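Listed here are the chains, written in short residue letters.
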Amino acid sequence: MALWGGRFTGAADERFKRFNDSLRFDCRMVEEDIVGSIGWSKAISDVGILTADEQKRLEQALNELLAEVRAKPEIVAASGEEDVHSFVEASLIRKVGDLGKKLHTGRSRNDQVATDIKLWCRGEIELLKKSVTELEKALVSAARRFQDVIFPGYTHLQRAQPVTFSHWAIAYAEMFDRDYLRLCSTQKLLNRCPLGSAALAGTAYPVDREKLAKDLGFDEATRNSLDSVSDRDHIMELLSDASISMIHLSRFAEDLIFYNSGECGFVELSDAVTSGSSLMPQKKNPDSLELIRGKAGRVIGHLTAMLVTAKALPLAYDKDLQEDKEGLFDAVDTWHDSLDMACLVLKDIKVRTDRAEAAAKGGYSNATELADYLVKKGVPFREAHGLVGRMVVYAISVNKPLEDMSVEEFRQISPAVSDDVYGILTLDSVRAKRSAKGGISRERVEEEISFLEKRLAERG
Ligand code: ARG
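Residues numbered from 1 in each chain as written. Predicted model: local features only at pLDDT ≥ 70, side-chain atom pairs only at ≥ 80, totals over all residues. Heavy atoms only, no water.

Just give me the short version of the overall build of the protein chain, but keep the residues and values in it.
Scanning the protein chain from terminus to terminus reveals 20 helices and six strands. Since a compact globule built from 460 residues should have a radius of gyration of about 23 Å, the 30 Å found for the protein chain marks it as more spread out than a globular shape. Dimensions of the protein chain along its principal axes, counting C-alpha atoms only, are 100 × 50 × 40 Å. Here the protein chain holds 460 residues, and the buried ones make up 49% of them. Across the protein chain, every contact between residues at least 6 apart in sequence was considered, and the portion connecting residues at least 24 apart equals 75%. For the protein chain, the accessible area works out to roughly 22,000 Å², and carbon and sulfur atoms hold 54% of it. Of note, the protein chain has its 63 positive side-chain charges centred 1 Å away from the centre of its 74 negative side-chain charges. (Helix = DSSP H or I, 4+ residues; strand = E, 2+ residues; numbered from the N terminus. Rg over C-alpha atoms; globule rule 2.2 N^0.38 Å. Buried < 20%, exposed > 50% of the residue type's maximum accessible area, 1.4 Å probe, protein only. Contact = heavy atoms within 4.5 Å. Areas by Shrake-Rupley, 256 points an atom, 1.4 Å probe, with all protein chains shown as cover. Lys, Arg positive; Asp, Glu negative; His and termini not counted. Charge placed at Lys NZ, Arg CZ, Asp CG, Glu CD.)

The following block contains the structure:
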């Protein structure tokens, strides 16, 4: 049953109806639409559109419908209505007859859909905050499990300086912590209620919009009806939160794909998150991580689509805005799934300590230590940098690491080197020296892990 038949004499073309209807995706907001409708019934009852008894009957019927759609969500999409708002109204009329036809007084689907989306985002953000927190916990727990494992650190994908596995893991915990905070700020900013803005100019009934807003769990009512019905900033923000977090996830995935490769072999992924090749029996592919990496592009695509849809759109509501939902739903689902998958990957990951440490030692990654050593001996850093460069060229030519060069060999290039050089070239020394905040020393990493454990425990 269309909500707007009166103005029309001809029927809609079947193809137009299919093109126009949004029920097949906006059915996901059915609970929000019912909750918003209950709120609206109270608001218009307060101004005398409904008697207290009528309001009660509507609320009761809406709650009945809520229970029905919770038990059998498939009835919504199967109803053939134009959209979720039509479904709720038609179902209500079926339950309570003509009384149901009073609910839409002073309301438009424009403020209704704006409210539904905000309610939906608010609920999803709560779940996403939990998922992000779970991943942070999984990272911190992996950092604890492999706390002292030395790992090669890279810049330009060249071995640069040794780090530890735990330091790598909590680097990602930091990123996901910022994602968590971004979700909190998106949630705060969206929490203003557009209901009562009607189609565009505001409702013609003197409803108490602040009371209505509080009723629906919002902090306050929005302040301008034109803006209220066409604002989709919160969708862009949530998609942007998702995109940034998917970028973090894709980098996490890429690092692990590399560390898991035959060439590195620093970690080993469990059978639970890898798959085989139909042709090559020896293969164990990191599909879980490759899919996370791939899905980042899809989510960023949804953000781009929403931005372009909203660009230069005239005030107030235009049907273009119906395009806001599919991308949002898919992005949120994809983000959720990717966060879960990342947790699963970390759960049984093995770190191959010997291979990681050997790689951390190789690649002349202690060359900076040698430059610092020369600085201590009075050589200006820029000069020391050049001298160590030459020492590395020499070491490569005789195919050995710096720590295997003799003092004589060092002194051929710089007479400032003496016996005490070997102490500073060890991994232990490299690590111990980096004790400023944010560095890889044992104490700093311990401090950071404890800090994150405490913060995550408080979050619950
Ligand atoms: N299905 C529409 C949407 O998602 C609901 C609002 C319809 N409003 C209208 N004036 N046709 O945006």
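Run through the pattern of salt bridges, naming residues and quoting values.
Across all of its chains, the model carries 38 salt bridges by this definition. The partner of Arg 459 in a salt bridge is Glu 136, with the nearest N and O atoms 2.8 Å apart. Residue Arg 459 is found in helix 20 (residues 442-459), and its partner Glu 136 is found in helix 7 (residues 109-145); the two are separated by 323 residues along the sequence. Judged by its relative accessible area of 23%, Arg 459 is partly exposed. In this structure, the salt-bridge partner of Lys 347 is Asp 348, at a minimum N-O distance of 3.5 Å. The class for Lys 347 is exposed, based on a relative accessible area of 54%. Asp 348 sits in the partly exposed class, given a relative accessible area of 40%. One continuous salt-bridge network, built from bridges that share partners, spans Glu 136, Asp 177, Arg 455 and Arg 459. (Salt bridge = Lys/Arg side-chain N within 4 Å of Asp/Glu carboxyl O.)

Account for the environment of Val 430, naming residues and giving values.
If you trace the backbone, Val 430 turns up in helix 19 (residues 427-433). Spatially, the C-alpha atom of Val 430 lies 6.9 Å from that of Glu 369, the residues being 61 residues apart in sequence. Apart from the residues within four sequence positions on either side, Val 430 is in contact with Pro 162, Glu 369 and Ile 424.

Give a description of unusual backbone geometry that names residues and reports values.
Generally, phi is negative for residues other than glycine and the peptide bonds are trans, each holding for most cases. Geometrically, the link from Leu 315 to Ala 316 is a cis peptide bond, its omega value of 0° lying close to zero. Tracing the backbone shows Ala 316 in the loop between helix 12 (287-310) and helix 13 (324-347). Positive phi values are uncommon outside glycine, yet Leu 157 reaches one of about 60°. Looking at the element boundaries, Leu 157 is found in the loop between strand 1 (150-155) and strand 2 (158-164). Here the phi dihedral of Asn 399 falls at roughly 60°; this positive angle occurs in a residue that is not glycine.

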